[in-house]
Amino acid sequence: MEPTQTNDPEYYHKVVDCQYACPAHTPVPEYIRLIAAGKYTEAYMVNWESNVFPGILGRTCDRPCEPACRRGRIEEEPVAICRLKRVAADNKSDVTDLMPIIPSVKNGKRIALIGGGPASLTVARDLAPLGYSIDLYDNQNKAGGMMRSQIPSFRLPDSVLDEEVGYVLNMGIETHFNTYVNSLKEITDKKYDAVFIGTGAPKGKDLSDLPGRKDASANVHIGIEWLASVAFEHTNKIGKKVIVLGGGNTAMDCCRTSRRLGGDQVKVVVRSPFSEMRASEWEKEDALHEDIPIIDCHVPQSFVVTNGKLVGMNFDKVHAVYDDNGKRKLVSTNEAPVFIEADDVLIAIGQENTFPWIEKDLGLAFDEYGMPVVDKNTFQSTNEKIFFGGDAALGPKNVITAVAQGHQAAISIDLFCNQQSLTERPSPYVNLVSQKMGIHEWSYDSDVVTDNRYIVPQVNKEIALKDRKVEVELGFDGLHGYKEAKRCLNCDVQTVFTENKCIECDACVDICPTACISFTFNEDDENTLRNKLQVPALNLSQDLLISAPLPTQRVMVKDEDVCLHCGLCAERCPTSAWDMQKFFYTTSKAGNQCQ
Amino acid sequence: MTYIKPKFRHPSLPKNDLGYTKTVYEGSLSTLCAGCGHDSISAAIVQSCYELALEPHRIAKLSGIGCSSKTPAYFLSQSHGFNSVHGRMPSVATGASLANKDLIYFGVSGDGDTASIGMGQFVHVVRRNLNMVYVVMNNGCYGLTKGQDSATADEGSKSKAGSVNLFNAIDLPSLALELGASFVAQSFSGDKAQLIPLIKAAIKHPGFALINVISPCVTFNNNPGSTKAYDYVREHLDATSTVDFIPLQEEISVAYEAGSTKNIELHDGSSLQLNKLATNWNPEDRMSAMTAMQQAKLDGEILTGLIFIEPETTDLHAMIKTSDTPLNTMDESQLCPGSQALEALNEEFR
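Remember, it's a predicted structure, so these values are computed and weren't measured experimentally. (Residues numbered from 1 in each chain as written. Chains lettered and ligands numbered in written order. Predicted model: local features only at pLDDT ≥ 70, side-chain atom pairs only at ≥ 80, totals over all residues.)

Secondary structure assignment for chain A yields 22 helices and 24 strands. Over its C-alpha trace chain A gives a radius of gyration of 26 Å, about what one expects of a compact globule, namely 25 Å for 595 residues. A principal-axis box enclosing the C-alpha atoms of chain A has dimensions of 90 × 65 × 45 Å. Expressed as a percentage of contacts within chain A between residues at least 6 apart in sequence, the contacts between residues at least 24 apart total 72%. (Helix = DSSP H or I, 4+ residues; strand = E, 2+ residues; numbered from the N terminus. Rg over C-alpha atoms; globule rule 2.2 N^0.38 Å. Contact = placed C-beta atoms within 7 Å.)

With that settled, the discussion passes to the overall build of chain B. Across its full length, chain B holds 12 helices and 13 strands. Here the C-alpha atoms of chain B give a radius of gyration of 21 Å, agreeing with the 20 Å that 2.2 N^0.38 yields for 350 residues. Counting only C-alpha atoms and orienting by the principal axes, one finds that chain B spans roughly 70 × 50 × 45 Å. A total of 350 residues make up chain B; the buried ones form 48% of that total. Excluding contacts between residues fewer than 6 apart, the proportion of contacts in chain B whose partners are at least 24 apart in sequence is 70%. (Buried ≥ 20, exposed ≤ 12 C-beta atoms within 10 Å, placed from the backbone.)

All names here are of chain B. Taken together, the eight strands give an open sheet; going across it, the order is 2-1-3-4-8-7-13-9, and neighbouring strands pair in mixed fashion. Edge positions in the sheet fall to strand 2 (80–83) and strand 9 (237–239), since each has one partner strand and no second. Direction aside, neighbouring strands of the sheet carry axes that sit 20 degrees apart on average. Direction of pairing for strand 7 (residues 183–188) relative to strand 8 (residues 208–214): parallel, over a ladder of six bridges. (Pairing = 2+ DSSP bridges. Axes fitted to C-alpha atoms, helices over the stretch in contact; angles between N-to-C directions.)

As a further point, take unusual backbone geometry. Residue and element names in this part refer to chain A. In this structure, C297 takes a positive phi of about 60 degrees despite not being glycine. For C297, the location among the structural elements is in the loop between strand 9 (294–295) and strand 10 (298–306). With a phi close to 55 degrees, N490 is a non-glycine residue in the positive phi region. Within the secondary structure layout, N490 lies in the loop between helix 19 (478–486) and strand 20 (493–497). Given 24 C-beta atoms within 10 Å, N490 falls into the buried group.

So, about the domain arrangement of chain A. Domain boundaries in chain A define domain 1 (101–202 + 353–417) and domain 2 (204–351). The centre of domain 1 of chain A, based on its C-alpha atoms, is set 32 Å off from the matching centre of domain 2 of chain A. (Domains from an automatic or database assignment.)

Residue and element names in this part refer to chain A. Pairing analysis gives eight bridges linking strand 10 to strand 11 (residues 309–322), with the strands arranged antiparallel. If you follow P300 over to strand 11, its bridge partner there is F315. In this sheet, strand 13 (residues 338–341) lies alongside strand 11 in antiparallel orientation, the contact comprising four bridges. Among the inter-strand pairings, M313 is bridged to a residue of strand 13, identified as I340. Where strand 11 and strand 12 (residues 328–332) come together, five bridges link them in antiparallel fashion. Of the residues in strand 12, the one forming a bridge with V321 is K329.

A few words now on the interface of chain B and chain A. Contacts between the two partners involve 25 residues from chain B, matched on the other side by 30 residues from chain A. Only helix 1 (37–51) and helix 8 (230–236) of chain B provide two or more residues apiece to the side of chain B that touches chain A. If you tally residues by element for the side of chain B that touches chain A, the top one is helix 1 of chain B, at four residues. Partitioned by chemical class, the residues of the side of chain B that touches chain A number 12 nonpolar, seven polar and six charged. (Nonpolar A, V, L, I, M, F, W, Y, C, P; charged D, E, K, R; others polar.)

Residue and element names in this part refer to chain B. Where helix 3 (residues 89–99) contacts helix 5 (residues 119–127), the two axes come as close as 8 Å, and the packing angle between them is 35 degrees. For the pair helix 3 and helix 5, contact is made by P90, S91, A93 and T94 and by Q121, F122, H124 and V125, respectively. Residues of the contact of helix 3 with helix 5, tallied by class, amount to four nonpolar, four polar and no charged.

Next up on the list: the packing of helix 3 (residues 28–36) of chain A against helix 4 (residues 40–51) of chain A. Residues and elements named next belong to chain A. Helix 4 packs onto helix 3 with a crossing angle of 165 degrees between their chain directions and a minimal axis gap of 8 Å. By the angle class used here, helix 3 and helix 4 are roughly antiparallel. Seen from above, helix 3 lies across helix 4 with left-handed handedness. Judged by residue contacts, E30, Y31, L34 and I35 of helix 3 engage Y40, E42, A43, V46 and N47 from helix 4. Split by residue class, the contact of helix 3 with helix 4 holds six nonpolar, one polar and two charged. (Parallel < 35°, antiparallel > 145°, perpendicular 65-115°, else oblique. Left-handed = near helix turned anticlockwise from the far one by under 90°.)

The next point concerns the nonpolar core. Residues and elements named next belong to chain A. Formed by 212 residues in total, the largest nonpolar core has its most connected members in I35 and L127. Here this core takes 11 residues from helix 17 (residues 399–417), the largest share from any one element. Among all residues touching I35, those that are not within four sequence positions of it are Y40, A43, L84, V87, A88, G481 and A485. In terms of nonpolar packing, the next biggest core, distinct from the first, is built from 35 residues, V270, A279, I292 and V345 among them. (Core = buried A, V, L, I, M, F, W, Y, C linked by C-beta atoms within 7 Å.)

What follows is about the confidence of the model for chain B. All names here are of chain B. Residues with a pLDDT of 70 or more make up 95% of chain B, whose mean pLDDT is 91. For chain B, the element scoring lowest by mean pLDDT is strand 12 (residues 271–276), at 77; strand 4 (residues 132–138) scores highest, at 98. In the predicted complex, the global pTM is 0.90; the interface-specific ipTM is 0.88. (pLDDT = per-residue confidence, 0-100.)

Before going further, it helps to examine the sheet that holds strand 22 (residues 544–546) of chain A. All names here are of chain A. The strand order 21-23-22 describes an open sheet built from three strands, whose pairing is antiparallel. Only two strands of the sheet have a single neighbouring strand rather than two, namely strand 21 (517–520) and strand 22. Averaged over neighbouring strand pairs, the angle between their axes works out to 20 degrees when direction is ignored. Bridging between strand 21 and strand 23 (residues 555–559) involves four bridges; their strand directions are antiparallel. Within strand 23, the position partnered with I517 by the bridge is K558.

All names here are of chain A. Under the 1.5 Å per step criterion, the end-to-end length of helix 4 is 16 Å for 12 residues, consistent within 8% with the ideal 16 Å. Residues of helix 4 that are buried include every one of Y40, A43, Y44, V46, N47, W48, S50 and N51, and no others. Those residues of helix 4 that are buried are in contact with helix 3, helix 5 (54–60), helix 8 (81–91), helix 17 and strand 24 (578–586). Backbone geometry just downstream of helix 4 places V52 in the positive-phi region, at approximately 65 degrees. (Expected span 1.5 Å × (residues − 1).)

Before going further, it helps to examine helix 5 of chain B. Residues and elements named next belong to chain B. Here helix 5 has its buried residues at Q121, F122, V125 and V126. Along helix 5, the residues classed as buried sweep out an arc of 130 degrees about the axis, all on the same side. Buried residues along helix 5 sit in contact with helix 3, helix 4 (111–115), helix 6 (172–178) and strand 8. N129 sits one or two positions beyond helix 5 and adopts a positive phi of about 50 degrees. (Arc of directions from axis to C-beta.)

Tracing the sequence through the fold places A:F416 in helix 17. Setting aside its immediate chain neighbours within four residues, A:F416 contacts A:A194, A:E384 and A:L422.

With that settled, the discussion passes to the environment of A:N249. Residues and elements named next belong to chain A. Inspection of the secondary structure assignment puts N249 in helix 14 (residues 249–260). In this structure, the C-alpha to C-alpha distance between N249 and D324, residues 75 residues apart in sequence, is 29 Å. Excluding anything up to four places from it in sequence, N249 contacts A279, S280 and E283.

Residues and elements named next belong to chain A. Its place among the elements puts E335 in the loop between strand 12 and strand 13. Classification of E335 as exposed rests on a count of 9 C-beta atoms within 10 Å. Expressed as a C-alpha distance, the spacing of E335 and D316, which sit 19 residues apart in the sequence, is 7.5 Å.

Right under this line is the structure:
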């Protein structure tokens, strides 16, 4: 096989599993090291540059980084990356002075943002420092979008949300709250240079065809609408017996909110088997911890209404059957319908996009599912002045994806306003620097601790269930934040190999605790090579680092899979053919391109 | 200072017949210089014992003094160990073997420990054919005292400071052959493919087995002009054969050109399959082995691989007809049968 091209930044980027998995590519190990060093403000700013909402995401992120974490392949559990982010946010000092300076003289370009959620706020964050004049429209009285309306206060306190939304709005953003945009044309008529649509996926799915739905409507609520009305304090109680339909994170938020508004017999009922529910594992755990049973494999059959009042629902019991392609089918067990009592039912079975306010004659194409036709890289629509991002662009995902898309859309808008090609995306910023300080000395903590993942402490359940505004998770304290941070393997400190220095003494092979390194004769076929290494490299999602031929005509092959980045190969290398070099990678933001 | 070997190992490390991973055979983290050939040899010993599925508590590792003799700390930490006086490892090994013939004796020594201060001990342990493995980690210099030429440094070899060695080298394999050793091999620390099967065969050999391993000293003897530097050794290697160790009841899987292959059955039924590279050499003929060594010396080559083997050999215990029961398992009444037994014995000689 050909030698690995390590001068392509994506090779080393992929080795940093967490950062690579993060839609916004936040430099995770970098900020975790700062947390371990007690430099919370610096850690916060590394995050803020990349994901705009460290305090919010440190509580609510979907954490795609954690399943990717290398530590999870070496022991039971990954590093608690998400909750470490919160440690930085909770312990930082005042960051106002560290915010970008907003030019008082504007660049003359005007941008409209429709929707005040994470995608729009990211666009504002990226463009305001470049001198753009920005108008933000939102139908609520505060910005934040679904972060405010759908994420309950016991997971995300208003103070955290207000602070981080405030950092963006204080950049001189012209806000138009309580303004429902019911015509895109009205906006485009205002001659903006570009319009960004970040209106999310605001429509909760209903079960309109289910028998009894109409008669029961007084006590049947759409999950996301109900959560919003709780958040904006229009609703403050619910019946004692509550059924929540659905198995996603919204269902978990609905059931836990119900427990706090008077529901003492709250049940989640879901069609799919428990293990296949869409909700994150930790959210399911939190619901179970609050005494909410999750009843799986029950398909709603009808609402039961007696004397004009909802009394419960009937369900059909099913089991999952899989065909040869692994496709699931829910098959009825043909037992008698299961009746579950309820005073109120919350439907949290998914949400959809809806754009009734966009006129058909604006040059904006929609696909067969009613979604705008959007370029997946530039986020430009078929109307060159109109851009999409967040759930509104490619369908419902999560906050961190909305942020990543917002960054890309901001780059596109900036390129567009400067009459540059949108397809030539600015390169990432990368840096690779040796960490050697002396014999046995590296500028990072190279020792690998064996501590298991620390558990985030929670507030007493009795107290938590009394008030929906009491935050359940207390967050790591400084000591536990430090201990958890030490579990990070520093995957961004790369094992860099220089062929022409190698004398093939085998010292690295002998010392490597996880048998990652092999010197062997090359093979044309990757699979053959993978199988002849010291320990066969069977995790195909992890790359091999392959050297050019060495003097004995063998090659060095390193399997990246379970490398601990402990630096012992470099420490035992007599010629510094191995070196530990810190790889810093950040995606470009608007304004970084050559102009 | 973060020079600590992490506890984590590859989650899918293979296991040997005893169900042990290689980790069981590891030792402490080496404190030798980075890149030292000795560490490679330690790793080869770990790999060999792992592959042979030896029980660590059945092995005794013995050494003298020197860089080489530190290495038993870096492998087989669950085995018995004895770090003896400089050059006196053979005596300790002999004593230990006499007390308990059931253990596997693994001696590690260096060129100073063997060819200088320990020479007197070395030659006697060879001629007594003590059942042990004797590995010489041979770097041609005194690494612990900053790299002076040792007795195995080749004539004309240049030191790091530029001085040329004036004296003839002691060639340990030739000396052992002369003294009647029953297993003689030579290898290179940078060639584990050859070294590991040799160590395995040496462990299986029922008599004295010498493996002289050229092991470059990266700090003091890896300079241009040195005949024990990585580059020099690689350029002048001349292997007698490739070596495959075939455990008992395992089929021979590697096929070589007809006529070039020689199969040597070892005492316990396992075998060594050699693909001969050297001509006019027969590993079971002492004379041809000695000739091959001398010829290589004349040609300026380093002959590696198996040099000589006498698979059926009479070791010290057989020669002096010791008890089948190891002495250390006998109780006092057996070891000291009393004055009546002594009287009876003396009576025999009257």
